[in-house]
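Observations on the three-dimensional arrangement
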Amino acid sequence: MPLSADELLQRLRQNRPPFADLLGAEIVALDTEAGTARMTFNGKPELCNPMGVVQGGFVAAMLDYVMTMAAFAAANQRVEMPTLEMKINFLGPVLPAAHRGEGVVTRKGRSIMFLEGRLYNGQDQLVVTASSTAKPIYDPRRFRGQGDKV
């Protein structure tokens, strides 16, 4: 049964993955009709490489997370959402500071979703873009005994 955006947001916040704390991630908003998500991330100094910028793998995790939240919003039901592939474009440095992430489902099919993500710095400058393909798995039997996953 579909959830309201607020109900889905509450469920996702209650079932935060442990890595969300490492990334300083917070889900700000979801739109189930548009298939979008907005999040904040805190690029902590411990995520930085020797050049003083957030290491690219952590940036990739931030964008993967916000795009996956957009996919959950679009699916709006219990689903697993493994990423099949992802491409990232670094347009500027991701410094140890607060950032805003936006994810959107650009095309939704039953077996594949196409996603895009953007990361903005505190000055509202676009610093990273990404695109990915995810495979929604809707089989509810996969969730038996696994608690209240999305």
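These numbers come from a predicted model, not from an experiment.

A count of helical and extended segments in the protein chain gives 3 helices and 6 strands. Moving toward the C terminus, one meets the helices and strands of the protein chain in the order α-α-β-β-α-β-β-β-β. In terms of C-alpha radius of gyration, the protein chain reaches 15 Å, essentially the compact-globule figure of 15 Å for 150 residues. The buried share of the protein chain, reckoned over its 150 residues, is 40%. Nonlocal contacts in the protein chain, meaning residues at least 24 apart in sequence, comprise 63% of its contacts between residues at least 6 apart. Per element, the accessible surface of the protein chain, about 8,000 Å² overall, is 53% carbon and sulfur. Charge separation in the protein chain, taken as the distance between the mean sites of 17 positive and 15 negative side-chain charges, equals 6 Å.

This part covers the packing of aromatic side chains. One pass over the structure, following the stated rule, counts 1 aromatic pair. Measuring from centroid to centroid gives 5.0 Å for Phe19 and Tyr65, while their planes differ by 65 degrees, and the two rings are edge-to-face. Highlighted residues: Phe19 in helix 2 (residues 19–23) and Tyr65 in helix 3 (residues 56–75), separated in sequence by 46 residues. One cation-aromatic arrangement involves Arg100 over Tyr120; the distance from NZ or CZ to the ring centre is 4.2 Å. Just above the ring of Tyr138 sits the side chain of Arg110; from NZ or CZ to the centre is 4.5 Å.

We now examine the side chain of Lys44. Tracing the backbone shows Lys44 in the loop between strand 2 (36–42) and helix 3. Glu46 provides the closest opposite charge to the buried, salt-bridge-free Lys44, at an N-O distance of 4.7 Å. Sequence-distant contacts of Lys44, defined by excluding residues within four places in its chain, comprise Asp21, Leu22, Gly24 and Pro96.

On average, the protein chain scores 90 in pLDDT, and the residues at 70 or more come to 91%. Scored below 50 in pLDDT, residues 143–149 shows 13 contacts in the model against residues more than four places distant or in partner chains.

The next thing to look at is the pairing of strand 6 (residues 126–134). Burial within strand 6 is extensive, with 7 of its 9 residues counted as buried. Note that strand 3 (residues 83–90) and strand 6 share 7 bridges and pair antiparallel. Bridging from a neighbouring strand, Thr83 pairs with Ala134 of strand 6. In the sheet, strand 5 (residues 113–120) pairs with strand 6 via 8 bridges, with the strands oriented antiparallel. By the bridge assignment, Arg118 is partnered in strand 6 with Thr129.

The rules behind these values
- Residues numbered from 1 in each chain as written.
- Predicted model: local features only at pLDDT ≥ 70, side-chain atom pairs only at ≥ 80, totals over all residues.
- Heavy atoms only, no water.
- Helix = DSSP H or I, 4+ residues; strand = E, 2+ residues; numbered from the N terminus.
- Rg over C-alpha atoms; globule rule 2.2 N^0.38 Å.
- Buried < 20%, exposed > 50% of the residue type's maximum accessible area, 1.4 Å probe, protein only.
- Contact = heavy atoms within 4.5 Å.
- Areas by Shrake-Rupley, 256 points an atom, 1.4 Å probe, with all protein chains shown as cover.
- Lys, Arg positive; Asp, Glu negative; His and termini not counted.
- Charge placed at Lys NZ, Arg CZ, Asp CG, Glu CD.
- Phe/Tyr/Trp six-rings, centres within 6.5 Å; stacked < 30°, edge-to-face > 60°.
- Lys NZ or Arg CZ within 6 Å of the ring centre and 35° of its normal.
- Salt bridge = Lys/Arg side-chain N within 4 Å of Asp/Glu carboxyl O.
- pLDDT = per-residue confidence, 0-100.
- Pairing = 2+ DSSP bridges.

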